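Residue-level structure breakdown
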Amino acid sequence: MKIEKDKVGRYEFMAEPFHCDFSRRLFMGHLGNHLLNAADFHSQHRGFGMTYLNTIDKTWVLSRLAIEMEEMPPMYARFNVETWVESAMRFFTNRNFMVQDVATGQVYGYGRSIWAMIDTKTRQPADLISINEGALTSYVEREKPCPIAKGSRVNVSPDAPLVATLKMRYNDIDVNGHVNSVKYIEHVLDLFSLDWYASHRLQRFEVAYVAEAHCGDTLRLYQDHSDDGLTFYVRMTKVGEDGGEEVEICRSLARFVNV
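In this report, the structure presented in the accompanying data block is examined. Predicted, not measured: the structure shown is a model, and the values here were computed from it.

1. Re the packing of aromatic side chains
Counted by the stated rule, this structure contains 12 aromatic pairs. Ring plane angle 70° and centroid distance 5.3 Å describe the contact between Tyr 184 and Tyr 209, whose orientation is recorded as edge-to-face. You can see Tyr 184 sitting in helix H3 (residues 181–189) and its partner Tyr 209 sitting in strand S7 (residues 200–209), a full 25 residues away along the chain. Using a relative accessible area of 3% as the deciding quantity, one classes Tyr 184 as buried. Here Trp 196 and Phe 256 contribute two aromatic rings whose centre-to-centre distance is 5.5 Å and whose plane-to-plane angle is 90°, an arrangement assigned as edge-to-face. A residue pair is termed long-range when its members are at least 10 positions apart, and Trp 196 in helix H4 (residues 194–199) and Phe 256 in strand S10 (residues 243–258) qualify at 60 residues. Through a chain of ring-to-ring contacts, the aromatic side chains of Phe 192, Trp 196, Tyr 197, Phe 232 and Phe 256 assemble into a single cluster. Here the basic side chain of Lys 144 rests over the ring of Trp 84, its NZ or CZ set 5.0 Å away from the ring centre. For the cation-ring pair, Arg 235 lies above Tyr 222, with the distance from its terminal atom to the ring centre recorded as 4.6 Å.

Written as structure tokens, this is what we have:
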């Protein structure tokens, strides 16, 4: 495989019709998939991707994701996702994204993410700096701006009501054997009605992952909101098939604006 030298990767996608909602714009969940695909392509082409990592019993795990959009790509629009590594520490790396229209150059929005590397046998953190002779560190790009705020600490009231209960099935599970990172986004955004989306636009979404969920687990979603009724905070927990302790698995923030 050819090893790319550029620090920034650029990958073209299209807002396919069946990946768009009733407003004829890309679903946030599908945008999330494109960002994660771009991250995978970037790392694969530079010697620290999952294909190589799996040979040494390692894999990437998404820890945090924040996406802030001024506009979602409309149906059939071709857009680039640019991605680059902003910083790399022993156990975590910060990766940023920019979403830009191919034809017009319009910047739709940006993303920030934090990733960890784990050992697939022990599920414990792995030293990412040691992988492939520290290949990742040579691709750190500190000068390219990402103008959105980093992920915040999402506070959910302990009195927040239970608003949904979901059992994880086959289509929720990814190649690592746990619930796909993007499925959490979709499950949170399904809490809002079509009428809500007809009069509000999702401007920013954040998710911080705490623990893994697996097929058969039941997820419980607890929702809180800001005083202005435009920012929502969701705490998600899991209970295994055999019952037992309720364990928190992620927290999310969804901020809307009126349209």
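The discussion continues.
2. Details of the nonpolar core
Residues Met 28, Leu 31, Trp 60, Phe 79 and Tyr 184 are the most contacted members of the largest nonpolar core, which totals 61 residues. It is helix H1 (residues 28–44) that provides the largest number of residues to this core, a total of six residues. Every residue in contact with Met 28, bar those within four places of it in the chain, is listed here: Ile 67, Met 69, Met 72, Ile 185, Leu 189 and Leu 202.

3. What to know about H3
In terms of burial, H3 is a largely internal element, seven of the nine residues being buried. For H3, the set of buried residues is Ser 181, Val 182, Tyr 184, Ile 185, His 187, Val 188 and Leu 189.

Calculation criteria
Residues numbered from 1 in each chain as written. Predicted model: local features only at pLDDT ≥ 70, side-chain atom pairs only at ≥ 80, totals over all residues. Heavy atoms only, no water. Phe/Tyr/Trp six-rings, centres within 6.5 Å; stacked < 30°, edge-to-face > 60°. Helix = DSSP H or I, 4+ residues; strand = E, 2+ residues; numbered from the N terminus. Buried < 20%, exposed > 50% of the residue type's maximum accessible area, 1.4 Å probe, protein only. Lys NZ or Arg CZ within 6 Å of the ring centre and 35° of its normal. Core = buried A, V, L, I, M, F, W, Y, C linked by side-chain atoms within 4.5 Å. Contact = heavy atoms within 4.5 Å.

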